[in-house]
Amino acid sequence: MRRRKRGIGKGWLLVAVPLLLSFIVFAVLLGPRRMVMIAASSFLSTTVDGLAEDPGPHGLRVLDVRIDPAYLDTLGADLPWSGGTKYPATLMQDGIEHPVEFRYRGMYSASHFLGGKRSFRLYLKKKSPLAPYRKLNVINPKSFNMVNNHLGMWIAGRMGAPVPYNEMVFVRINGEDHGVMEMYEQIDGDFERIRGLAENDVPVYKGDYPPIVDRGLPEKRTLWRSADNWEFEGKADRTLSDAKLRALVDVIDDSTLTIPARRDTLAQLIDVDAYARYLAAMLVVNTKHMDQYHNQWLVMSERTGKFQPVFWDGLLMFPPEGEPLYFINDALAHWFLRIPEWRLLRDRYAYAAMRDLHHSGAFMQEYDRTIERIRPSVLADRNKYGHVTLYPADVHRFSLAHTISSFAGMRATVNAYWDRLSKRLAANAVLVERDAQLHLNVTSEAPLRLTWPATEVDPPMIVAGADTLYPEALHGSWTVVLHRELGLPEGSWDRPFANWQHYLVMPMDLDVRFPLGVPRQLVITNAITDEPIR
Amino acid sequence: MSRSARSRSIGPLAWVIGLVLVVGGLVALFSLKPGSFLAKEWPLGIRASEVRTYAAWLDRRPVEVAGTIPDVYLFGGSKGRDSCLFQERAPGWRTRWFSTNGYADSVRMRPLTDGPGYRVKFKKKALYNGQRNVLLIPATVQDMRAKYMEVLASKLGLLTPEITFVHLASCGEEHAVYRKEERVDMAFLKRFGLENASLVEQGLDPTRPDRQFVEVKGDSAERVQLRGTVERAMAEVAAGRTDALAQLVDEDAAIAWLIMAWMDGRDLRREGLVLAHQWNTGKMIPIYQAPRKTVPMGSADKDPLAYNLLTPLLARRGFRARFDARLDALKAEAPELRAKFEALDKAWLPVLADAVSLPFAQTATRQIQFELFDIRLTKADAAAHYDRPLFAGPGHGALLAGVPVPAAPKPQVEQGEAVEDIAKRYKLSIQADTIYFPRGKYEIEEDLVLPDGYSVVFLQGARLFVAPDVSVVCQGDLHVRGTLRNPVFIRPMSEQEPYGTIALAGKGTERCEIAGLLISGGRGATIQGVRYEGMLSLHGAVRTRIRSSVVENAKEATAVRIDGGGVELDNVRFEDGAGTMLHIANAQGTVRNSSFSGAGEGTTIVSSRIAVLACSYTGMQVGLRADAASEVLIKGARSERNVNALVAEGLSILHVADNTFLRNQLVLRARTGSSGNGARVMLYTNEYVGNENDREVDGGSKVEQRDAIDGATLTAFGLEAPPVVKVPTRGRGRSRRSQ
């Protein structure tokens, strides 16, 4: 039987030609790679997401917000400039309409206001289902896996660095699904009161881009250049805290101070332990997102009168270039990391976190729990918007495939980075020669601790290179730390206000002389890990 | 053989027979099988909820019920609004008219913020059944689990709010059934006689920054102190040591609470802990509240918890063994409990379900009972449910900076050395396990804590001069062996600056024998987290006996406070105190031949049974006060020139016999106390001379006049009943003996 030959119908041509033309036009306008990424994400979002059936009940809190659509239209009329006015709204919970105020937020990241999942902020009454929090940001997650920031904060919080409250939620606006979002405490003077530590407001300063006055982004300001660059939040008395902040800015700005003088003055103004935890968390989370210009908070503790930093918007695995061990995120870190004992404190917190989170598997357990909890909501979320290319304006719908692949990618990235970091902190590339004196040649980065039995009452004076050191007594022994010398990469600018700098650890080649010769029972350990060096 | 190809239609009769057979079979299956059969775990992935749904339609067995008539709570429109309770959508407090059986008044109420339901607040002066705050939560048959849990918690000796089911009505419309439970707050503690306690709440969710420090309901000093004490215990737990925690928490109550939290299927992270910290013992008692939500077994078993006051105790071998033993004991009591639960079903199921769905409701409760008795109670190693990673809340390490945390407790092995040091410093004599303070002068300039395991004996002529705010605490037996001629003196180093306390901190087994003590000038103190309100504070002794002593000039405080055990006071003179001179709580015994004079209160008796015999009260604000369900006999006393000679309140029973009341402003005040309950007073023969007013009795209290005190009452107070004088009856003839 002969089959009759059939030509391609005109109808098909009518569809195919405009489609092809649109591809060509977009490829020309956007570039082929950008076009392919947008098209692929749109295609996958349409085809793959629809396959998820019966995702089950939400494991996340459902935030049911009602607002007059006219207000939403007004807020969205000229974004990002139009989103800053607060309008009345209600938060529905168990049939009760809790009055709130609502506004859009976020000027600097396009994912906040472009696309169909806009970030917003809620202002709540004292007694609300979300009490004790009064201001909460509800953010379109910045990564495909949606939990990147959430887990970054979890890590920092677990390391003992103060963090804002952060919870993944599923949002409904006016009865329609808005999707999975990240609920984030907006820090205010009630930071310590919420945590059950203070009766009243405490002084809080926000270090961020300048507020927007007219249409147009104001020029960035280097926070530690002036105390005026920090915005006061809350209702606490600011007389003392302002003076302390000015003093802190002066110490940072003054390049003539010696290290001991700077250390002693800084120690009066900042909570050194909290800063060490904060910088350690930055290293472990591997983020550069808090910098000279934004994402910084200072809270003056009611109990110590010193400033504590708050780990804010710490994107997990948003690394500085070159994976430095001593990344300088801002001017305060520039000086903090130069003080050897503070640097060691930071490194010890980082290594403790590696043991707690990585070696014991605690992070991956939390990661799996988070995925388990978020899964039904992600499957139900047909409104996933994010940056699908590296261009800020490309906020488009993305798919479950992106999310799943991002989960896997994040798992691999975190494991690989933490393996490297653990090895780096624990590395002991040390060459030891003992004769009348001790000769140490070290190419790894950790400082060394020398410990030997105490036989004298007074601490013996030892000479390490050109420095004279006095050991401390510890459980019947003398102990001294040989700190590492830092340098800057060639061509770097050794100034506190320079951006994106980092320190390098210089190799150590040192003779150590003891008054009675090298003690026979001298033990050399890695000062970060306390592991003996053999 | 060939089948006919002709199609045959199925007639209506065949349809009817087919349906009747199938439905009848299913009805028979569901209705004739015992309820426990339906409640079992089903194979092939059949879920309990599916079985319940079918049972709702097909289980037609008759259900035995009792005739419980639930209270109907009628709420009127709110002030300034006419809206019905059930139409109200706004949050916040509203004033509404509330009426139910025997009660009608305006109340404040608001919707709950953490789930559906309402909180109702009654007026302070018009408590409802003695309750100030209650929660009303929409109830279903599943809420029977909460009622079972209440019974179980009471059986295990836990403090728990009562749960009942009520109907809510508003605007003429009777709404669904609600679970009524008293809110756990300070008023709740007070109602249960825990006057001297603070409420402590602790979150178990380590991801919540706002729940990482304990919340203490108390004044700012109490908050700071308790937070520090708990942080110390948590730090010790983090370091793998639980001794500090075991000292802080009542272990029996902790075991009971952990059993309950395992049985009730709560999500630990969501519910948190509520405890009462008793300042006089320094111990915390967990309070059991039925969970608002339950989660399927095993679903949240691996979620880490925040460091907390209860679950780490299971790391102690002895504690875990006691947990297992208590659970085993509960297993043995299962038949009795099942019977109780069935009685509860009979009483409450008709309230929770209508007549048509009663069989279904019964199946649902059987399902709950099956889970409780046959799954949870029988599960081996239930304690493993609590073996989870623990960690601190977000940022805890940094936020802890500057929080006052007491020093770590010294390990027990160092105690021996400490006692040697103390003995050397004060030139004391130690013989075996007894520390003697021989005759001589002792200047105590820093807190002296004499450890558990050592008896302390003050001998005749010992004179203690105690520095300002310094205290002496004995953790073992305490003996003072003076006489009135050759007493033991305890005085402040400087008359104007009071010392803290001289205290016995017992565990219920110590003895306290005091004779010939002259003590003055203390004002109470808080030592190692325990509040000692008395200048002389005797807590937790099995027996306290004070004889031939003089207590005077207590500064701003109670002079003698006795908490727990048997009490015997004889010939003690209380003078010149500004506060309460003798405060007895949770005890039983006698106070004899003692005198009280001064401007404050003579004897305050709380939750105790005490006989006050032949005492005198002169010139006081209140001579004797009975509160918090005390039972007091005052007999043969002389009460002169007092503002109030006797005060009875808070469910107390006061027997007043053979006393003399001279020139008092008011002899007897019987009133409703802070617990919302009045008192009962039995007046026997007394002498009243020149008093301005004989009695003031409010509506909640009752006074009964009686002729003579009966033998049973005297026996109840440990007194010998007077011999019964039998009137000789004349016999019909003389007996042989008389002949």
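The residue numbers shown here count from 1 along each chain, following its written sequence. As a convention, the first chain written is A and the first ligand written is 1, with the rest following in written order. Whole-chain, interface and lining totals are the exception, using all residues; otherwise, since this is a predicted model, local features are given only for residues with pLDDT of at least 70 and side-chain atom pairs are given and counted only at 80 or more.

1. Focus on the overall build of chain A
Thought 1: Numbering of helices and strands starts at the N terminus; helices are DSSP runs of H or I of at least 4 residues and strands are runs of E of at least 2. Broken down by element type, chain A carries 13 helices and 25 strands.
Thought 2: Counting only C-alpha atoms and orienting by the principal axes, one finds that chain A spans roughly 100 × 75 × 45 Å.
Thought 3: Here chain A holds 534 residues, and the buried ones make up 40% of them.
Thought 4: Contact between residues is assigned whenever the C-beta positions, reconstructed from backbone atoms, fall within 7 Å. Sequence separation of 24 or more characterises 67% of the internal contacts of chain A that already satisfy a separation of 6 or more. Neighbour counting defines burial: a residue surrounded by 20 or more other C-beta atoms within 10 Å of its own C-beta is buried, one with 12 or fewer is exposed, and intermediate counts give partly exposed, using backbone-placed C-beta atoms.

2. Topic: the pairing of strand S38 (residues 653-657) of chain B
Residue and element names in this part refer to chain B.
Thought 1: Across five bridges, the pairing between strand S35 (residues 631-635) and S38 is parallel. Bridge pairing in S38 places Ile634 opposite Val656.
Thought 2: Note on pairing: DSSP must find at least two bridges between two strands before they are called paired. Where S38 and strand S41 (residues 680-683) come together, four bridges link them in parallel fashion. Each bridged residue has a counterpart across the sheet, and for Leu654 the counterpart in S41 is Val681.

3. Details of the packing of helix H11 (residues 340-359) of chain A against helix H13 (residues 400-426) of chain A
For any two helices packed against each other, the geometry comes down to the angle between their axes and how far apart the axes lie.
Residue and element names in this part refer to chain A.
Thought 1: Under this scheme, a helix contributes an axis fitted over its contacting stretch, all axes are lines through C-alpha atoms, and angles between N-to-C directions fall in the 0 to 180 degree range. Between H11 and H13, whose axes approach to 10 Å, the crossing angle comes to 135 degrees. Here H11 lies oblique to H13, going by the angle between them. Crossing geometry of H11 relative to H13 is assigned as left-handed. Of the residues in H13, those in contact with Asp347, Ala350, Tyr351, Met354 and His358 of H11 are Trp418, Leu421, Ser422 and Leu425.
Thought 2: Charged residues are taken to be Asp, Glu, Lys and Arg, nonpolar residues to be Ala, Val, Leu, Ile, Met, Phe, Trp, Tyr, Cys and Pro, and polar residues to be all remaining types, Gly included. Its residues placed into classes, the contact of H11 with H13 shows six nonpolar, two polar and one charged. Orientation labels follow simple angle bins: below 35 degrees gives roughly parallel, above 145 gives roughly antiparallel, 65 to 115 gives roughly perpendicular, and whatever is left gives oblique. Here a crossing is taken to be left-handed if its near helix is turned anticlockwise relative to the far helix by less than a right angle, and right-handed if that turn runs clockwise.

4. With respect to unusual backbone geometry
Residue and element names in this part refer to chain A.
Thought 1: In this chain, Leu79 is followed by Pro80 through a cis amide linkage whose omega measures 5 degrees.
Thought 2: Here Pro80 shows up in the loop between helix H3 (69-76) and strand S2 (87-93).
Thought 3: Look at the link from Ala131 to Pro132: it is a cis peptide, with omega at 10 degrees.
Thought 4: Position of Pro132 relative to the elements: it lies in the loop between strand S4 (120-124) and strand S5 (135-139).
Thought 5: Located in the positive-phi region is Asn174, a residue other than glycine, with phi close to 50 degrees.

5. Concerning the sheet that holds strand S21 (residues 477-482) of chain A
Residues and elements named next belong to chain A.
Thought 1: With antiparallel pairing, four strands are arranged side by side in an open sheet as S20-S21-S17-S25. Pairing within the sheet leaves two strands with one partner each, and these edge strands are strand S20 (472-474) and strand S25 (523-526). Strand-to-strand, the axes of this sheet are offset by a mean angle of 35 degrees, without reference to chain direction.
Thought 2: Bridging between strand S17 (residues 448-453) and S25 involves four bridges; their strand directions are antiparallel. Bridge assignment links Thr451 to a residue of S25, and that residue is Val523.

6. A short note on the sheet that holds strand S6 (residues 166-173) of chain A
Residue and element names in this part refer to chain A.
Thought 1: Here seven strands make up a closed barrel; going around it, the order is S1-S2-S3-S4-S5-S7-S6 and the pairing mixed. Across the sheet, the mean angle from the axis of one strand to that of its neighbour is 40 degrees, orientation sign disregarded.
Thought 2: In the sheet, S6 pairs with strand S7 (residues 176-185) via eight bridges, with the strands oriented antiparallel. When the sheet's bridge partners are listed, Glu167 is paired in S7 with Met183.

7. Some details on the interface of chain B and chain A
Thought 1: Taken together, the 25 residues of chain B in the interface contact 31 residues of chain A.
Thought 2: A total of four residues in the side of chain B that touches chain A trace back to one element, the largest contributor, which is helix H13 (residues 396-399) of chain B.
Thought 3: Residues belonging to the side of chain B that touches chain A are distributed by class as follows: 13 nonpolar, eight polar and four charged.

8. Notes on helix H12 (residues 362-380) of chain A
Residues and elements named next belong to chain A.
Thought 1: Expected span, for any helix, means 1.5 Å times one less than how many residues it has. In this model, H12 (19 residues) spans 28 Å end to end at C-alpha, consistent with the 27 Å of a helix rising 1.5 Å per residue.
Thought 2: Fitting axes to the seven residues ending at a residue and to the seven starting there, one defines the bend at that residue as the angle between these axes. Of all the bends in H12, the largest measures some 45 degrees and sits at Ile374, one to four residues before the proline Pro376.
Thought 3: Three or more residues of H12 are buried, namely Phe363, Glu366, Ile374, Ser377 and Val378.
Thought 4: Buried positions along H12 lie against helix H5 (148-158), S6, S7, H11 and H13.

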